[in-house]
Amino acid sequence: MNILLIGGLWLDGSVWGRVASALEALGHRPVPLTLPGQGDGSASATLDDQVEAVLAAVDAAPGKLMVVGHSAACSLAWLAADRRPGRLAKVALIGGFPSPHGQLYADFFEVRDGVMPFPGWSPYEGPDAADLDDEARRKFATAAIPVPAGVAKGVVRLADERRFDVPVVVVCPEFTPAQAQEWINAGDAPELARAKHVDFIDIDSGHWPMVTKPTKPTELARILAEAADAA
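Residues numbered from 1 in each chain as written. Predicted model: local features only at pLDDT ≥ 70, side-chain atom pairs only at ≥ 80, totals over all residues. Heavy atoms only, no water.

A. A look at the pairing of strand 7 (residues 168-172). Strand 7 sits mainly inside the fold: 5 of its 5 residues count as buried. Judged by which residues are buried, strand 7 turns out to be covered on both faces: V168, V170 and C172 on one side and V169 and V171 on the other are all buried. Here strand 4 (residues 88-94) runs beside strand 7; their pairing, made up of 4 bridges, is parallel. Across the sheet, residue V91 finds its bridge partner in strand 7, namely V168. Two elements, strand 7 and strand 8 (residues 198-202), share 5 bridges in a ladder whose sense is parallel. What sits directly across from C172, in strand 8, is D202. (Buried < 20%, exposed > 50% of the residue type's maximum accessible area, 1.4 Å probe, protein only. Helix = DSSP H or I, 4+ residues; strand = E, 2+ residues; numbered from the N terminus. Pairing = 2+ DSSP bridges.)

Here it is as structure tokens:
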């Protein structure tokens, strides 16, 4: 199956390198996506630009496909389900939940000079980054791409109720499947509360399993491949 891979904030398509290689070895066709404003040098990109890039990748893939969103980009994966519900075999969400209609996409940290830079590791102390050593943290921070304000402060627009028919798998890294279900039941993830088919898969890692060494990218690829195989 074609598997579209969308990284979260500050990441470009290269973050999926080891996951993509493992997916290919498992017989799938990974498509790592570099988003406008997160790897193409454009500081003026908007959330709409990123949505259009995702939809272009969906439209270019033959047959049905699985769209994978990581962290904030879980909302981009869900927007693909909203815009192309008949094309997607499944949506996989890693370490996050889709934002509801009308909410800002990723208004999490200070915007400076028109961009939202990586805020450093203080907000991520604890389970999020416990599996990243000093060298991994340094590499991540050095490579982090400031997110344009037009992306971070873009408004999520959802319209097609058929998105709730698209099967979803929630990959749980720094939280457990039980915690994820509790948050959904409590109303913290209203989109998933209305989704008709939601599964949960645990992966014992921090927030970025695609960059953890040595085995987590391969384990993440196996999880995604099994989710695609079951679609």
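B. Molecular detail of the packing of aromatic side chains. For the coordinates displayed, the defined rule picks out 17 aromatic pairs. A ring pair is formed by W10 and Y124, whose centres lie 6.4 Å apart and whose planes are at 85 degrees; its orientation type is edge-to-face. Note that W10 is positioned in the loop between strand 1 (2-6) and helix 1 (17-25) and Y124 in the loop between strand 5 (115-116) and helix 4 (134-143), a separation of 114 residues in sequence. The exposure class assigned to W10 is buried, which follows from its relative accessible area of 3%. Exposure remark for Y124: the relative accessible area of 12% places this residue in the buried category. Relative to W183, the ring of F97 lies with its centre 6.1 Å away and its plane at 90 degrees, an arrangement referred to as edge-to-face. With F97 in the loop between strand 4 and strand 5 and W183 in helix 6 (residues 177-185), the pair connects residues that are 86 residues apart, well separated along the chain. (Phe/Tyr/Trp six-rings, centres within 6.5 Å; stacked < 30°, edge-to-face > 60°.)

C. Expanded view of the nonpolar core. Core analysis: the biggest nonpolar cluster contains 78 residues, and L76 and Y105 have the highest contact counts within it. With residues near it in sequence (within four places) discarded, Y105 still touches L9, L47, Q50, A72, A73, S75, L76, S99, V151, A152, G154 and V156. (Core = buried A, V, L, I, M, F, W, Y, C linked by side-chain atoms within 4.5 Å. Contact = heavy atoms within 4.5 Å.)

D. The arrangement of the pattern of salt bridges in detail. Evaluated as defined, the whole model comprises 13 salt bridges. Across the pair D107 and K153 runs a salt bridge, and its minimum N-O distance is 2.8 Å. In this pair, D107 is assigned in the loop between strand 4 and strand 5 and K153 in the loop between helix 5 (149-152) and strand 7, connecting sequence segments 46 residues apart. A salt bridge links R162 to D160; the shortest N-O distance between them is 2.6 Å. The partly exposed category is assigned to R162, whose relative accessible area is 49%. (Salt bridge = Lys/Arg side-chain N within 4 Å of Asp/Glu carboxyl O.)

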